[in-house]
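Topology and contacts: notes
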Amino acid sequence: MKSPVARGGAVLVALVFLALAFRLFRLTAEYAVNIFFWDQWDFNDATVFSPHSLWQIFRFQHGPHRQGLGGLLAALVDPIFRWNTRSEAFVATALVVVAGLFMLYLKCRLLGPLTWTDVAIPMLVFTPAQWEPVWTTVNFAHGTLPVLLIVLYCLTWTWTDERARYALMTALNFGILYTGLGLIVGLLTPVLLLAQYRGGKSPGMKKYLLTCTALSIASLASFFVSYKNQDASGCTSIFSSAPLEYGRFFFLLFATPFGIRGTGWMATLAGGLVLLAVAAIAAVSWKTVLSRAEVRALPIVQATLSAYMLIFCAAAAIGRTCTSLQDAHTSRYGNYRQLLVLCLFFGALALPRPRWRAVAPLLVLLLIPSLFLTQADAGEMIEDYQLKSGWRDCYLGGKSIAECDDTEGLIYPDPQLTHLQQKLDYLRAKRLNLFDHAPEVRR
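From a predicted model like this one, the values you see are computed outputs, not experimental measurements.

A short note on the overall build of the protein
Looking only at helices and strands, the protein has 20 helices and two strands in total. The C-alpha radius of gyration of the protein comes to 23 Å, within 12% of the 22 Å expected for a compact globule of 443 residues. Across the 443 residues in the protein, those meeting the buried criterion constitute 56%. Taking the average place of the 37 positive charges on the side chains of the protein and the average place of its 27 negative ones, the gap between the two points comes to 15 Å.

This is the structure in structure tokens:
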């Protein structure tokens, strides 16, 4: 039977979770607009503007990643709402909530019942810093769904039935590596499976593990069939910045989850300290995973989360430093950074000495700034809302793309490149997206 203190901790976590989830839904209701925006005019080619099979949608490439399960989810649910991007934003917000619930469950599976310090999980999950992929330019494959899938992937390592664990993990791995920037998991899975091969495994289980490993390698190889090197940064060269700038960008990526948005040396130092903590977790957990025959789920989960974030941030630094150091704080990475903080939180709770576990309450305090909208984020959210709603009203009012671009701003940087006029005509004919329930306009 739970003690009053334990029950009180669980109640506190539940109340904080509900309050912060409600706020995220309220922000979605306030800022989501029913009109495709920027990249949505491109990756929706797979699901809206031209016929694709489910397999083609799954493998559809947008930028450096594929749509995977994100594309399939959009093809499944968005027709119900007539491709209303406002409704799509609420679905994305719901995915964030579900991911948060599974994070709490993962914590209980790995480290025991909820305590008051577990408020860190809703605090990291419901940060408003993730506004761009949740309600501005919604793409299920980029951010919201990959994070949920990676948490589920970590949960599979807590299953006691080995055959079911490895089978589900291999299947999840296939879906994750095709879904946005979940590709990194596809690099880790064969290594993690081979690490399980040692120990007192029966010959049958060893063959089973080798089969799963072979399937995971084949899944990774399949990703690169017909793959095109598509840079999403817009820079003439991703190697145009000074070498020191890449390091600073890399460090700054680790500072953002704690509300630090500067690009000076203090912000860089703060990010470097967080990076050191993640690197230490990676070193300890991977040493445990690779050197011991029997390993508990926690080191494997920590190895997965820490390696994922280190590789993710390194790739982001290589691809985005050329844009500006400020882009290290971009909202588009907000969902992925949740995994970084989750890794740190689990690491704090797993420290061997009780005195050291005071790091967990400290982490809760450090997360408080992330609960508030920065002035820069609030300004961008309002600007995007006004641009999208103004452009929508302008076009529905009978004006042309060029006229609306001039008065309201761009909803796509190069209308001719994406055939914007033809796509708008298609949406009008089908009464989809911004034309759903809109009055007919003669042109």
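Some thoughts on the pattern of salt bridges
Should their charged atoms come close, side chains of opposite charge can pair. What the rule picks out here adds up to eight salt bridges. Here aspartate 425 makes a salt bridge to arginine 428, at a shortest N to O gap of 3.1 Å. Of this pair, aspartate 425 and arginine 428 both sit in helix 20 (residues 420–430), three residues apart, roughly one helical turn.

Observations concerning helix 6 (residues 85–111)
Here helix 6 spans 39 Å end to end across 27 residues, near enough to the 39 Å set by a 1.5 Å rise per residue. At the C-terminal side of helix 6, glycine 112 shows a positive phi close to 100°.

Some remarks on helix 13 (residues 243–253)
Those residues of helix 13 that sit buried are Tyr246, Arg248, Phe249, Phe250, Leu252 and Leu253. The elements touched by buried residues of helix 13 are helix 14 (265–291), helix 15 (297–320) and helix 16 (334–349).

Points about the nonpolar core
Trp41 and Trp135 are the most contacted members of the largest nonpolar core, which totals 130 residues. Among the elements that make up this core, the one with the highest residue count is helix 15 (13 residues). Those residues in contact with tryptophan 41, other than ones at most four positions away along the chain, are Ile35, Phe36, Phe49, Ile411, Tyr412, Thr418, Leu420, Lys423, Leu424 and Leu427.

So, the state of the cysteines
Summed over the entire model, instances satisfying the criterion amount to one disulfide. The disulfide partner of cysteine 394 is cysteine 404, and the S-S distance across this bridge is 2.2 Å. With the S-S bond torsion at -95°, the cross-link from cysteine 394 to cysteine 404 turns out left-handed. Placement of the pair is cysteine 394 in helix 18 (residues 375–396) and cysteine 404 in helix 19 (residues 401–408), with a sequence separation of ten residues. Both residues of the pair, cysteine 394 and cysteine 404, belong to the buried class. The closest cysteine sulfur to the non-disulfide-bonded cysteine 154 is located on cysteine 343, 9.5 Å from its own sulfur. For cysteine 313, which is in no disulfide, the shortest distance to another cysteine sulfur is to cysteine 343 and amounts to 11 Å.

Describing unusual backbone geometry
For tryptophan 38, which is not glycine, the phi torsion reads 55° and is therefore positive. Of note, tryptophan 38 is situated in the loop between helix 1 (4–31) and helix 2 (40–43). Its identity is not glycine, yet serine 226 carries a phi of approximately 65°, on the positive side. One can find serine 226 in the loop between helix 12 (203–223) and helix 13. For serine 226, a relative accessible area of 59% gives the class exposed.

Looking at a nonpolar patch on the surface
Together, Leu362, Leu365, Leu366, Ile368 and Phe372 line one region of the surface with nonpolar side chains, adding up to about 500 Å² of accessible area. If you trace the backbone, leucine 366 turns up in helix 17 (residues 359–367).

Comments concerning the packing of aromatic side chains
A complete count under the given rule lists 27 aromatic pairs for this structure. On the numbers, 6.4 Å between centres and 20° between planes, the contact of tyrosine 31 with tryptophan 135 is stacked. Of this pair, tyrosine 31 sits in helix 1 while tryptophan 135 sits in helix 8 (residues 131–136), and the two are 104 residues apart along the sequence. With a relative accessible area of 14%, tyrosine 31 lands in the buried category. In textbook terms, an aromatic cluster arises when at least three aromatic residues are bridged by ring pairs, as seen for Trp55, Phe58, Phe174, Tyr178, Phe223, Phe224 and Tyr227. Stacked on the ring of tyrosine 208, the Lys or Arg arginine 163 has its end atom at 4.7 Å from the ring centre. Above the plane of the ring of tryptophan 265 lies arginine 248, whose end atom (NZ or CZ) is 4.4 Å from the centre.

Here's the deal with the packing of helix 14 against helix 16
In the contact formed by helix 14 and helix 16, the axes pass within 10 Å of each other and the chain directions differ by 65°. The hand of the helix 14/helix 16 crossing is left-handed. Contacts from Val274, Ala277, Val278 and Ile281 in helix 14 reach Leu340, Cys343, Leu344 and Gly347 in helix 16. When its residues are assigned to classes, the contact of helix 14 with helix 16 shows seven nonpolar, one polar and no charged.

Re the side chain of threonine 268
Tracing the sequence through the fold places threonine 268 in helix 14. Its relative accessible area of 5% is what places threonine 268 among the buried residues. Sequence-distant contacts of threonine 268, that is, excluding residues within four places in its chain, are made with Arg248, Phe251, Leu252 and Thr263.

Details of the environment of cysteine 108
With respect to the helices and strands, the residue cysteine 108 is situated in helix 6. Separated by ten residues in the primary sequence, cysteine 108 and aspartate 118 have C-alpha atoms spaced 9.8 Å apart. Beyond its immediate chain neighbours, meaning those up to four positions away, cysteine 108 contacts Pro113 and Leu114.

A word on empty space enclosed by the protein
Summed over all chains, the structure comprises two cavities of 30 Å³ or more. Estimated volume of the largest cavity: approximately 50 Å³. Residue lining of the largest cavity: Phe43, Asn44, Thr47, Gln67, Gly71, Ala74, Glu88, Val138, Asn139 and Phe140, and that is the complete set. Of the residues belonging to the lining of the largest cavity, the class tally is four nonpolar, five polar and one charged.

Describing the layout of surface pockets
Counted as a void, the second largest pocket has a volume near 670 Å³. Surrounding the second largest pocket, 26 residues form its lining, Ile281, Gln302, Gly347, Ala348 and Leu351 being those nearest its centre. For the lining of the second largest pocket, the elements supplying multiple residues, two or more each, are helix 14, helix 15, helix 16 and helix 17. Looking at the lining of the second largest pocket, the element that brings in the most residues is helix 14, giving nine residues.

Thresholds applied
Residues numbered from 1 in each chain as written. Predicted model: local features only at pLDDT ≥ 70, side-chain atom pairs only at ≥ 80, totals over all residues. Heavy atoms only, no water. Helix = DSSP H or I, 4+ residues; strand = E, 2+ residues; numbered from the N terminus. Rg over C-alpha atoms; globule rule 2.2 N^0.38 Å. Buried < 20%, exposed > 50% of the residue type's maximum accessible area, 1.4 Å probe, protein only. Lys, Arg positive; Asp, Glu negative; His and termini not counted. Charge placed at Lys NZ, Arg CZ, Asp CG, Glu CD. Salt bridge = Lys/Arg side-chain N within 4 Å of Asp/Glu carboxyl O. Expected span 1.5 Å × (residues − 1). Contact = heavy atoms within 4.5 Å. Core = buried A, V, L, I, M, F, W, Y, C linked by side-chain atoms within 4.5 Å. Disulfide = S-S within 2.5 Å. Patch = residues over 30% accessible without salt bridge, like charges linked within 9 Å, V, L, I, M, F, W, Y side chains within 5 Å. Areas by Shrake-Rupley, 256 points an atom, 1.4 Å probe, with all protein chains shown as cover. Phe/Tyr/Trp six-rings, centres within 6.5 Å; stacked < 30°, edge-to-face > 60°. Lys NZ or Arg CZ within 6 Å of the ring centre and 35° of its normal. Axes fitted to C-alpha atoms, helices over the stretch in contact; angles between N-to-C directions. Left-handed = near helix turned anticlockwise from the far one by under 90°. Nonpolar A, V, L, I, M, F, W, Y, C, P; charged D, E, K, R; others polar. 1 Å grid on protein atoms, 1.4 Å probe; cavity = no way out; pocket = protein on both sides within 12 Å on 5 of 7 lines; lining within 4 Å. Points joined across faces, edges and corners; volume = space filled by probe spheres on them.

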